[in-house]
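Per-entry structural report
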Amino acid sequence: MNLQTLEKSLYDLITETSTNLPKDVRRAIKKAKEAENAGTRAAMSLETISNNIIMAEDNVSPICQDTGLPTFKIYTPVGVNQLEIKEAIKKAINDTTADAKLRPNAVDSLTGANSGNNLGDGLPVMKFEQWEKDYITIKLILKGGGCENKNIQYSLPCELEGLGRAGRDLDGIRKCILHSVYQAQGQGCSAGFIGVGIGGDRSSGYDLAKEQLFRHVEDTNANPDLAKLEEYVVKTANTFGIGTMGFGGEATLLGCKIGVMHRIPASFYVSVAYNCWAYRRMAVDINPETGEIINWHYQEGEKITFKDEVAATTEETSTNVVELTAPITEEQIRSLKVGDVVSITGRMYTGRDAIHHHLMSHDAPVDLNGQVIYHCGPVMAKDEEGNWTVKAAGPTTSIREEPYQGDIMKKFGIRAVIGKGGMGPKTLAALGEHGGVYLNAIGGAAQYYADCIKGVDGVDLMEFGIPEAMWHLNVEGFTAVVTMDSHGNSLHADVDKSSLEKLALHAERVF
Ligand SMILES: O=C(O)C[C@H](O)C(=O)O
Ligand code: SF4
C-alpha cells in the first residue's frame with residue numbers, strides 16, 4: 001500500500017468529519033427547525049446552529065471546538081497490514097491537529113498534561129475487524145465530552161424517577177431509554193441523537209450503543225419490535241419540552257437507534273450513548289493497493305446548505321437585546337432576568353476546570369472585578385507573525401464548575417459567567433447573594449462565536465494546555481441568553497421539573 005496516499009486519505013476523512021456535518025444529520029436539524037415556533041429561544045438557537053454549520057464548512061474549521069475522542073473502526077481484507085494503518089492514522093491525527101482541524105484533546109489522566117497532538121496511551125481509539133470484501137472501510141466518529149458525560153447505563157430491574165419500576169422486558173427497556181433522554185436535559189447540546197445497546201456486559205453494551213451511532217439517521221431497524229420502539233422513543237421524547245440547549249421547545253431528540261445482543265443470565269444492561277446535535281461521523285472506502293479513497297459514505301439524498309433559510313430568518317428576528325461591556329456593575333446585573341438576551345462587547349476571560357480549581361487556592365492572574373468568565377476551551381492557531389488566532393470557541397458544560405463557581409464569583413467579584421447547560425443550586429444562591437448572572441451560549445456553535453472574537457489580548461496559565469488556559473478575548477456582539485438570574489430564577493430548574501412531569505405520563509405499560 002502507498003502509505004503517503006493513505007495518510008492523505010485519512011487527513012481528508014478527519015477534516016471532513018470535523019468540519020462538514022453529514023447530509024442525514026443536516027436533514028434532521030432542518031426538521032427540528034421546522035418543528036419550532038418562530039421567535040422562541042429554541043428557534044433562535046437552531047438558527048445559530050445552522051449558521052454555524054455553514055461557517056464550519058466554508059472555513060474548513062471545526063463545527064464544535066471539542067473535536068472529541070477520535071474513534072476509528074477499520075474493516076480490512078485478510079492480508080492487509082493493520083500495523084501500517086495504525087501508524088498512518090496516528091500521523092494523520094498529528095497533522096490535522098497541527099492544522100487546527102482538531103483541538104489538542106489528549107490529556108494525561110494522572111498529571112493533567114496535554115500531549116499537544118491528540119496522541120496518547122489508548123488514543124486515538126482504533127478498532128480493527130477483518131472481512132471478506134476486497135476493500136478497506138474506515139469509519140470515524142468525533143464525539144465530544146459534554147455528550148459523552150450524558151451516556152448512561154441501566155442494570156435491569158431498576159427504579160427510575162418518574163417512571164417507577166423498569167423490569168427485564170421490552171417495556172423496561174422502553175422506560176430506561178425515555179429516562180436517558182430526560183436525564184441528559186440540554187447538557188449534551190440537545191437536540192441530540194442516541195445509540196442504545198441492549199444486553200452484553202458493561203463494556204460490550206456501550207460498544208454496541210456507540211456502534212448504533214454509525215447507522216443512518218433515516219434507516220429502519222431490521223427487527224420490527226426495535227423499529228417500533230425507535231419510532232416511539234423519538235416521538236415521545238419530543239413531548240418532554242426540553243428543546244434545543246434545554247431552552248424548552250418541540251425538538252429534543254432527533255434520532256434513536258437500538259441494537260441488541262445476548263447477555264448472561266444474571267446481567268441485563270441497557271446502555272445509552274448520547275450524541276449532541278454536532279453529530280460528526282463519516283466513513284470512507286479505501287483501495288488497499290493505492291491507499292486512495294474510492295467512496296464516501298452518508299452521501300445519499302438532499303444536502304441542506306441552510307444558506308437560503310438563514311438569510312430569510314435573520315431579518316425576521318427582532319428581540320430586545322441588552323448590551324453589556326465589562327466591567328459590569330452590580331446594578332446592571334440585578335436588572336437582568338431569565339429570558340433576556342444579552343450582547344457582550346469588550347473583554348472576557350476563558351476559564352474551565354483547571355482554572356476554577358486553581359482559583360480556589362490562588363490569586364487570579366488578572367483583576368476579575370466586574371468581569372465575565374467564559375466556560376470555553378478554544379481551538380487556537382498561531383498566525384505568521386506568531387499571534388494567536390481563535391479557530392473555534394463555543395461554550396463547555398458549566399455544571400462541572402458547580403463546586404467552585406459561587407465561591408470564585410464572590411472571591412474575585414466576577415459578575416457574569418457564560419457557558420451551557422446551566423448550573424445548580426449552589427451557584428444560583430451565589431448569584432443572588434453577590435449579584436451575578438449565568439448566561440447560556442449555544443453549545444457547539446464554535447464558528448459562530450469564534451467570529452465574535454476580534455482579538456486575543458493575552459493568555460495566562462498556559463501550563464494547563466490550550467483548552468484549559470485563561471485566554472483574554474476581545475469580543476464584539478457576543479450573544480447569550482440569561483438562564484439564571486440574581487432573583488432566584490433558573491430556566492434549567494424549571495425545564496427539569498416540567499420535563500420530569502411529562503416523563504411521568506409514560507409510566508404505564510406500552511410494549
Ligand atoms: O470540551 C468542550 O469544549 C465542550 C464539551 O464537549 C462539552 O460539551 O462540555
Ligand atoms: S460542546 Fe456540545 S456540540 Fe460540542 S462536543 Fe460538547 S456536547 Fe457536542
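About the cut-offs
Residues numbered from 1 in each chain as written. Chains lettered and ligands numbered in written order. Predicted model: local features only at pLDDT ≥ 70, side-chain atom pairs only at ≥ 80, totals over all residues. Heavy atoms only, no water. Axes fitted to C-alpha atoms, helices over the stretch in contact; angles between N-to-C directions. Helix = DSSP H or I, 4+ residues; strand = E, 2+ residues; numbered from the N terminus. Left-handed = near helix turned anticlockwise from the far one by under 90°. Contact = heavy atoms within 4.5 Å. Nonpolar A, V, L, I, M, F, W, Y, C, P; charged D, E, K, R; others polar. 1 Å grid on protein atoms, 1.4 Å probe; cavity = no way out; pocket = protein on both sides within 12 Å on 5 of 7 lines; lining within 4 Å. Points joined across faces, edges and corners; volume = space filled by probe spheres on them. Domains from an automatic or database assignment. Pairing = 2+ DSSP bridges. UniProt positions renumbered as here; feature names shortened; annotations may be inferred. Phe/Tyr/Trp six-rings, centres within 6.5 Å; stacked < 30°, edge-to-face > 60°. Buried < 20%, exposed > 50% of the residue type's maximum accessible area, 1.4 Å probe, protein only. Lys NZ or Arg CZ within 6 Å of the ring centre and 35° of its normal. Near = heavy atom within 4 Å. Sits in = over half its atoms within 2 Å of the grid points. Salt bridge = Lys/Arg side-chain N within 4 Å of Asp/Glu carboxyl O. Polar contact = N/O pair within 3.5 Å; in protein donor to acceptor, adjacent residues only side chain to side chain. Areas by Shrake-Rupley, 256 points an atom, 1.4 Å probe, with all protein chains shown as cover.

**Describing the packing of helix α6 (residues 170-184) against helix α8 (residues 224-237)**
The geometry of α6 relative to α8 is characterised by a closest axis approach of 10 Å and an angle of 35° between their N-to-C directions. By crossing handedness, the relation of α6 to α8 is classed as right-handed. Counted together, Leu170, Ile173, Arg174, Ile177, Leu178 and Val181 of α6 and Asp225, Leu226, Leu229, Tyr232, Val233, Thr236 and Ala237 of α8 form the full contact between these two elements. A class-by-class count of the residues in the contact of α6 with α8 yields 10 nonpolar, one polar and two charged.

**With respect to the layout of surface pockets**
By volume, the largest pocket amounts to about 750 Å³. Sorting the residues of the lining of the largest pocket by element identifies β1 (69-77), α5 (145-148) and α11 (353-361) as the ones contributing at least two each. Examining the composition of the lining of the largest pocket, we find that three residues originate from one element, α5, more than from any other. For the lining of the largest pocket, the per-class residue count stands at 16 nonpolar, 16 polar and 10 charged. If you trace the second largest pocket, you find 23 residues lining it, with Lys31, Val217, Val234, Leu254 and Gly255 closest to the centre. Those elements that provide at least two residues to the lining of the second largest pocket are α2 (23-35), α8 and β8 (253-260). Here the residues of the lining of the second largest pocket are counted per class, giving 10 nonpolar, four polar and nine charged. Looking at which domains feed residues into the lining of the second largest pocket, each of domain 1 (1-142 + 281-313) and domain 2 (144-276) gives three or more.

**A closer look at the sheet that holds strand β11 (residues 293-296)**
In sheet architecture, strand pairing relies on hydrogen bonds along the backbone and comes in two forms, parallel and antiparallel. Taken together, the five strands give an open sheet; going across it, the order is β2-β1-β3-β10-β11, and neighbouring strands pair in mixed fashion. Looking at the sheet topology across the chains shown, the edges are occupied by β2 (125-131) and β11. Each adjacent strand pair in this sheet contributes to an overall mean axis angle of 20°, direction not counted. Those strands touched by helix α1 (residues 3-19) are β1, β3 (136-143), β10 (280-286) and β11, and its axis lies near 155° from that of β10.

**Considering the UniProt feature "domain: Fe-S hydro-lyase tartrate dehydratase alpha-type catalytic" (unreviewed entry) in the protein**
Cross-referencing UniProt, the feature "domain: Fe-S hydro-lyase tartrate dehydratase alpha-type catalytic" (unreviewed entry) maps to residues 9-284 in the present numbering. The span residues 9-284 is 38% helix and 22% strand, and its two end C-alpha atoms sit 9 Å from each other.

**Things to note about the packing of aromatic side chains**
For the structure on display, the rule yields eight aromatic pairs. With centroids separated by 4.9 Å and ring planes inclined at 25°, the aromatic side chains of Tyr75 and Trp131 adopt a geometry described as stacked. Linking Tyr75 in strand β1 with Trp131 in strand β2, this pair joins segments that are 56 residues apart in sequence. Their ring planes at 40° and their centres at 4.5 Å tell us that Phe193 and Tyr279 sit as a pair that is tilted. In this pair, Phe193 is assigned in strand β7 (residues 192-198) and Tyr279 in the loop between β9 (269-275) and β10, connecting sequence segments 86 residues apart. For the pair Phe193 and Tyr279, a shared accessibility class is recorded, and that class is buried. Across the ring face of Trp131, the terminal group of Lys133 is positioned such that the distance to the ring centre comes to 4.4 Å.

**Regarding the site of ligand 2**
In the neighbourhood of ligand 2, 13 residues make up the surrounding shell, with Cys64, Gly144, Cys189, Cys276 and Arg280 lying closest. More than half of the atoms belonging to ligand 2 lie within 2 Å of the grid points that define the largest pocket. The residue inventory of the shell around ligand 2, partitioned by class, reads six nonpolar, four polar and three charged. When residues of the shell around ligand 2 are assigned to domains, at least three fall in each of domain 2 (144-276) and domain 3 (319-493).

**What about the pattern of salt bridges?**
Scanning the entire structure with this criterion turns up 31 salt bridges. A salt bridge links Lys8 to Asp12, with the nearest nitrogen and oxygen atoms 2.7 Å apart. Residue Lys8 and its partner Asp12 are located together in helix α1, separated by four residues, close to a single helical turn. Taking the shortest distance from any N to any O, the salt bridge between Asp353 and Arg352 comes out at 3.8 Å.

**What about empty space enclosed by the protein?**
Considering all chains together, one arrives at one cavity of 30 Å³ or more under this definition. Roughly 40 Å³ of internal volume is contained in the largest cavity. Together, Phe193, Ile194, Arg215, Val217, Gly255, Cys256, Lys257 and Tyr279 line the largest cavity. Counting residues per element, the ones that place at least two in the lining of the largest cavity are β7 and β8. Sort the elements by how many residues they give to the lining of the largest cavity and β8 lands first, with three residues.

**What about the site of ligand 1?**
In the region of ligand 1, the neighbouring residues are Gln65, Asp66, Arg103, Gly145, Gly146, Arg352, Thr396, Thr397, Arg400 and Lys420. In the model, an oxygen atom of ligand 1 is placed 2.9 Å from a nitrogen or oxygen of the Arg103 side chain. A distance of 2.7 Å separates an oxygen atom of ligand 1 from a polar atom in the side chain of Lys420. With the chains in place, 93% of the 270 Å² that ligand 1 exposes on its own is no longer accessible. For the shell around ligand 1, the two domains that each supply at least three residues are domain 1 (1-142 + 281-313) and domain 3 (319-493).

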